[in-house]
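Remarks on the overall topology
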Amino acid sequence: MPTVSVKRDLLFRALGRTYTDEEFDELCFEFGLELDEITSEKEIISKEQGNLKAEGASNVVLYKIDVPANRYDLLCLEGLVRGLQVFKERIKAPVYKRVMPNAEIQKLIVTEETAKVRPFAVAAVLRNIKFTKDRYDSFIELQEKLHQNICRKRALVAIGTHDLDSLSGPFTYTAKRPSDIKFKPLNKTKEYTACELMNIYKSDNHLKHYLHIIENKSLYPVIYDSNGVVLSMPPIINGNHSKITVNTRNIFIECTGTDFTKAKIVLDIIVTMFSEYCENQFTVEATEVVFPNGKSNTFPDLAYRKEMVRADLINKKVGIRETPENLAKLLTRMCLKSEVIGDGNQIEVEIPPTRADIIHACDIVEDAAIAYGYNNIQMILPKTYTIANQFPLNKLTELLRHDLAAAGFTEALTFALCSKEDIADKLGLDISATNAVHISNPKTAEFQVARTTLLPGLLKTIAANRKMPLPLKLFEISDIVIKDSSKGPPFFPGRCAEIFARHQSIGKLGVLHPDVITKFELTMPCSSLEINIEPFL
Amino acid sequence: MADGPVAEQLLRRLEVADGGLDSAELATQLGVEHQAVVGAVKSLQALGEVIEAELRSTKRWELTAEGEEIAQEGSHEARVFRSIAPEGLAQSALMQLPSGKVGFSKAMSNKWIRVDKSAADGPRVFRVVEKVEDEVQRRLQLVQKGQAEKLSEKERSELRKRKLLTEVTLKTYWVSKGSAFSTSVSKQETELSPEMISSGSWRNQPFKPYNFSARGVLPDSGHLHPLLKVRSQFRQIFLEMGFTEMPTDNFIESSFWNFDALFQPQQHPARDQHDTFFLRDPAEALQLPTDYVHRVKRTHAQGGYGSQGYKYSWRLDEARKNVLRTHTTAASARALYRLAQKKPFTPVKYFSIDRVFRNETLDATHLAEFHQIEGVVADHGLTLGHLMGVLREFFSKLGITQLRFKPTYNPYTEPSMEVFSYHQGLKKWVEVGNSGLFRPEMLLPMGLPENVSVIAWGLSLERPTMIKYGINNIRELVGHKVNLQMVYDSPLCRLDTEPRPQKTQAAA
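By the naming in an unreviewed UniProt entry, chain B is Phenylalanine--tRNA ligase alpha subunit, taken from Cavia porcellus. Entered under Sequence similarities (unreviewed entry) in the UniProt record, the comment concerning chain B runs "Belongs to the class-II aminoacyl-tRNA synthetase family. Phe-tRNA synthetase alpha subunit type 2 subfamily." UniProt lists a comment for chain B under the heading Subcellular location (unreviewed entry), and it reads "Cytoplasm".

So this is what it looks like as structure tokens:
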């Protein structure tokens, strides 16, 4: 769940009133947000780096608010305020408009080389915007939040924002050999080739996480203006030339990626959030994107979609009895402008470009329920009549557990994942003989394989409890994972037996081989019995 | 009958004693160890007012082991003197004697003997006097007879310096008659015996009072693991509510059942290497239900069933990737799919409690393996109100009655809600579970009828267990490193009755 950090006083000013922490927490809860933490820059720095470093840092109160992972429209102060104000019916949801420029439309030409590395690009212009320090910071922060979430750490989509006045269109989005790309990247004073940059950024704590996205590609994506100025080398870095500042008035925004749908959503979110600060509020200047096949389209999409939902469906799914008019009102409070039409039971719901999360009627139902208030819904028990059954394996397990404990054995609960050594070397077996299931991405050796026997877990439990009085008598009934039948652990010669039940082998018992005991760092004799209980179901 | 012969003797003598008697003296008179008399005093004291005993400490002189030997054999110097024949003894031979060294110097300073250094074969020792009085022996013998007071202070301190005598403090009892004195006290029985029951003698028998502050002896026994005790209780609750247990006996699951079937898109962060354990061997699931896979693919990529879909290119090889299941909802998806294949549709209530795996960073509240509890109800026309009703009943069986619901986002439920309960100890609302109605994009491709809703909720098994048993670090609860004493000591699990411990940590 993404966390958005906003200045409390700035938030309250925008909301037009103040709240106590408890009141604001309550409002968040009702709306599906969570006021996670109340802190300040100073507190954060002092927590992470110590009091010394925190000296002089800001004492301004920050609210850290957890936002649902699918609500990209709430990832910045502007969106949060808009959502809450509409929810509280203090304002109406704005209508976002794409407008054609007075002069020539900006163009972004996509070449076919991009198909191999990062095929999609969309773009838009925010005209005559007015930043302040706080607005500018929020604009940068929103891009970062989008990068971390919907953009999947820039793998699916990467955003570049540029000072349009420093550039001259049309723009070209292409892909070139890294050695053929040379530019002065953001906040550097010198030009570097793409190869050099990839090397430099290996030690950059922020950027090093994105290098793998293009590192092994033969061509790197790059955007130029008509003078050959590099705007950006997505998804790594922008050029320094077109860098935006708090004084920038006209912004060219490009989103490139491997997922066209998400690139369009990301662009819509940025422009809907920040067109608030444009001279013509909530208008966005269109940009034409020319695809490699010669066709073109204008962006941002800013599409409004109409959905028809029956009022009784909402009532039936939520468990309430509201009039269609009331339901329409509830939905409108969720930025879903709605009205009753047709036979009086139909509600026409307008899905704004900010609500890409609404993909089905069930999403509309949820918003109606949130606006109604989850805690106002009457709780009732379903009349579903059923006869309960236990899963036979678990039923037998429960019976066995109790009798094993009654026989004086103590129940252990060990991990299903372990090292190869635990199930092979330590038991004197070759790993291939165990038929174990192997994990491809273990973070440590403790998670290399799924256990093929319960024995190592029990022996490790004993090894960790050597200070306990003897004898230690342990048992565990749990799952093991084997691809096929596998070899068991070795026993002391002449001190082991195979166990048969119902004419089939179900396991082995015996005194463990001293080599096994030693490898588990134990010194006392140890005997074990391991059987498969499935034949008894 | 008195409690043992010593106690009996004590009572008899006390009956005729003038005022009382001393336990040490009695021991001497009876010729028994003092400790035996002390035991008798204590057992008589336990009877009540039979005797009164006052603890006294007296000092007494006793012989050391060496002192005892000298009292018996004579002092070293006397023994040296006796070993010298009239014709003398070579000094070297004398020194070989057991008492030689000490005895020689003492006898010299007593002027009992002399040394002739000019003798032909080395120094020779001769008697100087005819006869000696062994004062040391005589004095020690006096002490032995209990007449140490006949020695002067100086004599005693000299013997003490020679480590022949030692002063000991003796704790004795001055015993006198109690208010209920009788020579015929009966012995208190400690245990009820089969003989007493059959003869009926227990009716007239006094019994020794129990010491209820003794620690007692723990019986040898086995123990069940606390987490699994809690698991048993949750199973019980579901069974009481009429829920049928789903099969969950497969840790390995294909990405298809773990994610795709739940309408979780293939680019979802949960499907990242950082969150999920993928398998190297066997890397891919070969058998997936073809028609169903096709419907799932279409719903993801293009939408359908009233959905816009996610509009991306869905890949079968991604769905085939085997994982260690990240949630038990994978098992619920299989169960619902099986249900959808049965016509006509019959309503069900399902539950499961089993292990799931996350490739997460480990800390005090997160392990790579944990247990999930999941409840599912599928029926016609179920509502959010029904879900809340079931949750209220479920949580009230856990002793949780104050509930509140918060809107949230889950990839495969809509509407979704988090369940919060008011925590008395923390004085705040804490999340206790997650819930929702499964999305139509998950249910309809399975083949479930359109008007069937499926409500579901889930929680972890570890967290309520940690709260219940007051454990703050999950590593102290699960895995081979746990202290077995914790397992031995864990009390019964009664989820609905016991007050929850005050000091608990809100686990994430």
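On we go.
What to know about the pattern of salt bridges
One pass over the full model with this rule turns up 49 salt bridges over all chains. Close ionic contact of B:Lys397 with B:Glu240 constitutes a salt bridge, the shortest N to O distance being 2.7 Å. Of the two residues, B:Lys397 sits in the loop between helix H16 (384-396) and strand E13 (403-407) while B:Glu240 sits in helix H11 (residues 226-240), which places them 157 residues apart along the sequence. Of the charged contacts in the structure, one is a salt bridge between B:Glu253 and B:Arg334, with a shortest N-O distance of 2.7 Å. In this pair, B:Glu253 is assigned in strand E8 (residues 252-254) and B:Arg334 in helix H15 (residues 329-341), connecting sequence segments 81 residues apart. Salt bridges here are not isolated pairs; linked through shared partners, they connect A:Asp363, B:Glu414, B:Arg439 and B:Glu441.

Remarks on empty space enclosed by the protein
Throughout the structure, instances matching the rule amount to 2 cavities of 30 Å³ or more. Forming the walls of the largest cavity are 16 residues, and the residues nearest its centre are A:Pro68, A:Arg71, A:Glu366, A:Ile370 and B:Thr408. The element best represented in the lining of the largest cavity is helix H11 (residues 361-372) of chain A, accounting for 3 residues. Looking at the lining of the largest cavity, its residues break down into 7 nonpolar, 3 polar and 6 charged.

Some remarks on the environment of A:Asn102
When you line up the elements, A:Asn102 lands in the loop between strand E4 (97-99) and strand E5 (106-110). Separated by 183 residues in sequence, A:Asn102 and A:Glu285 have C-alpha atoms that sit 9.6 Å apart.

Considerations on the sheet that holds strand E15 (residues 428-438) of chain B
Pairing is mixed in the open sheet, where 7 strands are placed in the order E7-E11-E12-E16-E15-E14-E13 (chain B). With partners counted over all chains shown, the strands left at the sheet margins are strand E7 (244-245) and E13 of chain B, one partner each. Bridge count between strand E11 (residues 348-357) of chain B and strand E12 (residues 369-380) of chain B: 10 bridges; the pairing is antiparallel. By the bridge assignment, B:Ser352 is partnered in E12(B) with B:Glu374. Packing against the sheet, H11(A) makes contact with E13 and strand E14 (413-423) of chain B, and its axis sits at approximately 35° to E14(B).

Conventions and cut-offs
- Residues numbered from 1 in each chain as written.
- Chains lettered and ligands numbered in written order.
- Predicted model: local features only at pLDDT ≥ 70, side-chain atom pairs only at ≥ 80, totals over all residues.
- Heavy atoms only, no water.
- UniProt positions renumbered as here; feature names shortened; annotations may be inferred.
- Salt bridge = Lys/Arg side-chain N within 4 Å of Asp/Glu carboxyl O.
- Helix = DSSP H or I, 4+ residues; strand = E, 2+ residues; numbered from the N terminus.
- 1 Å grid on protein atoms, 1.4 Å probe; cavity = no way out; pocket = protein on both sides within 12 Å on 5 of 7 lines; lining within 4 Å.
- Points joined across faces, edges and corners; volume = space filled by probe spheres on them.
- Nonpolar A, V, L, I, M, F, W, Y, C, P; charged D, E, K, R; others polar.
- Pairing = 2+ DSSP bridges.
- Contact = heavy atoms within 4.5 Å.
- Axes fitted to C-alpha atoms, helices over the stretch in contact; angles between N-to-C directions.

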